[in-house]
Amino acid sequence: MTRQKRQLMIMLLVLIIAVAALVFVWRLPAEEEDIQEQRYQITALEKDQISRFSFANESGMCNFTRQDGTWISEEDRSLEIDGDAVARLIEKIASLSSSDCIEQVEDSAQYGLDEPAATILISDGTTGCTLLVGDYNELTETYYLCLESDKGTVYTADPYTVSDFIDKSMEDLVVQQEETETAAP
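So, a few notes on the structure that sits alongside this text. Every value quoted in this text rests on a predicted model; they were computed, and no experiment measured them.

Rules and cut-offs
- Residues numbered from 1 in each chain as written.
- Predicted model: local features only at pLDDT ≥ 70, side-chain atom pairs only at ≥ 80, totals over all residues.
- Heavy atoms only, no water.
- Patch = residues over 30% accessible without salt bridge, like charges linked within 9 Å, V, L, I, M, F, W, Y side chains within 5 Å.
- Areas by Shrake-Rupley, 256 points an atom, 1.4 Å probe, with all protein chains shown as cover.
- Salt bridge = Lys/Arg side-chain N within 4 Å of Asp/Glu carboxyl O.
- Lys, Arg positive; Asp, Glu negative; His and termini not counted.
- Charge placed at Lys NZ, Arg CZ, Asp CG, Glu CD.
- Helix = DSSP H or I, 4+ residues; strand = E, 2+ residues; numbered from the N terminus.
- Pairing = 2+ DSSP bridges.
- Contact = heavy atoms within 4.5 Å.
- Axes fitted to C-alpha atoms, helices over the stretch in contact; angles between N-to-C directions.
- Parallel < 35°, antiparallel > 145°, perpendicular 65-115°, else oblique.
- Left-handed = near helix turned anticlockwise from the far one by under 90°.
- Nonpolar A, V, L, I, M, F, W, Y, C, P; charged D, E, K, R; others polar.

1. Quick notes on a negative patch on the surface
Then, number 1: Taken together, the side chains of Glu106, Asp107, Asp114, Glu115 and Asp135 define an acidic patch exposed on the protein surface.
Then, number 2: Residue position: Glu106 is located in the loop between strand S6 (101–102) and strand S7 (118–123).

2. Things to note about the pairing of S7
Then, number 1: In this sheet, S7 lies alongside strand S2 (residues 52–57) in antiparallel orientation, the contact comprising five bridges. Bridge pairing in S7 places Phe53 opposite Ile122.
Then, number 2: Both S7 and strand S8 (residues 128–137) contribute to a ladder of six bridges, which runs antiparallel. What sits directly across from Thr119, in S8, is Leu132.
Then, number 3: Linkage of S7 to S8, two consecutive antiparallel strands, is achieved through a turn of four residues, within which Gly125 is found at a positive phi near 100 degrees.

3. Concerning the pattern of salt bridges
Then, number 1: Scanning the entire structure with this criterion turns up three salt bridges.
Then, number 2: One salt bridge in this structure joins Arg52 and Glu74, with 3.6 Å as the shortest N-O distance. One end of the pair, Arg52, is in strand S2; the other, Glu74, is in the loop between strand S4 (70–73) and helix H2 (83–93), with 22 residues separating them in the sequence.
Then, number 3: Its salt-bridge partner being Lys92, residue Asp164 comes within 2.6 Å of it at the nearest N-O pair. One end of the pair, Asp164, is in helix H3 (residues 159–167); the other, Lys92, is in helix H2, and 72 residues separate them in sequence.

4. Side note on the sheet that holds S7
Then, number 1: Taken together, the eight strands give an open sheet; going across it, the order is S4-S3-S2-S7-S8-S9-S10-S6, and neighbouring strands pair in antiparallel fashion. With partners counted over all chains shown, the strands left at the sheet margins are S4 and S6, one partner each.
Then, number 2: Bridge count for S2 against strand S3 (residues 60–67) is six bridges, and the pairing is antiparallel. The residue of S3 that forms the bridge with Ala56 is Met61.
Then, number 3: Sitting on the sheet, H2 touches S2, S4, S7 and S8, and the angle it makes with S2 is about 85 degrees.
Then, number 4: Running at roughly 75 degrees to S2, H3 makes contact with S2, S7, S8, strand S9 (142–147) and strand S10 (150–157) of the sheet.

5. Quick look at the packing of H2 against H3
Then, number 1: The contact between H2 and H3 brings their axes to 9 Å, and the two run at 130 degrees. Taken together, H2 and H3 sit at an angle that is classed as oblique. The handedness of the crossing between H2 and H3 comes out as left-handed. Residue-level contacts link Leu89, Lys92 and Ile93 of H2 to Tyr160, Thr161, Asp164 and Phe165 of H3.
Then, number 2: Its residues assigned to classes, the contact of H2 with H3 shows four nonpolar, one polar and two charged.

Here you go:
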């Protein structure tokens, strides 16, 4: 009888180990998903509530205010601004989050934030923030950015999110009028 008890105990032990391994394997993907889903909120404004929007880069400064649902250039009120183009830019940053966060940064210059490639300001009239876009990291294919009010915390952003702020100028946001040529008689 002791031999049967020993075999039974071994089979029970193997069963317990198999169940424990199965539970471990089932939980493993759930833990990885939790890690992937962790996001750091940078800005949290409603895109439709933004009333002031500015950005500066090597091409210059672009300042806009929304009046009666229409975007107006603060530099030249006679320009017809492409509201859809401005809305696409605002949508990228009004509610912005990042999967990477570097905290307690003592030298923001190492991320290119002392001389930013772009500076972006958004405001809904009561709340506003200014973002600084720094260097591009070729290894991770991301840009560094931070809030101007907190240079001790640096985030990463994909190029789709911030490259337009580096590359665009006022000309890109003005409605392009088709030139009509008049024929000479």
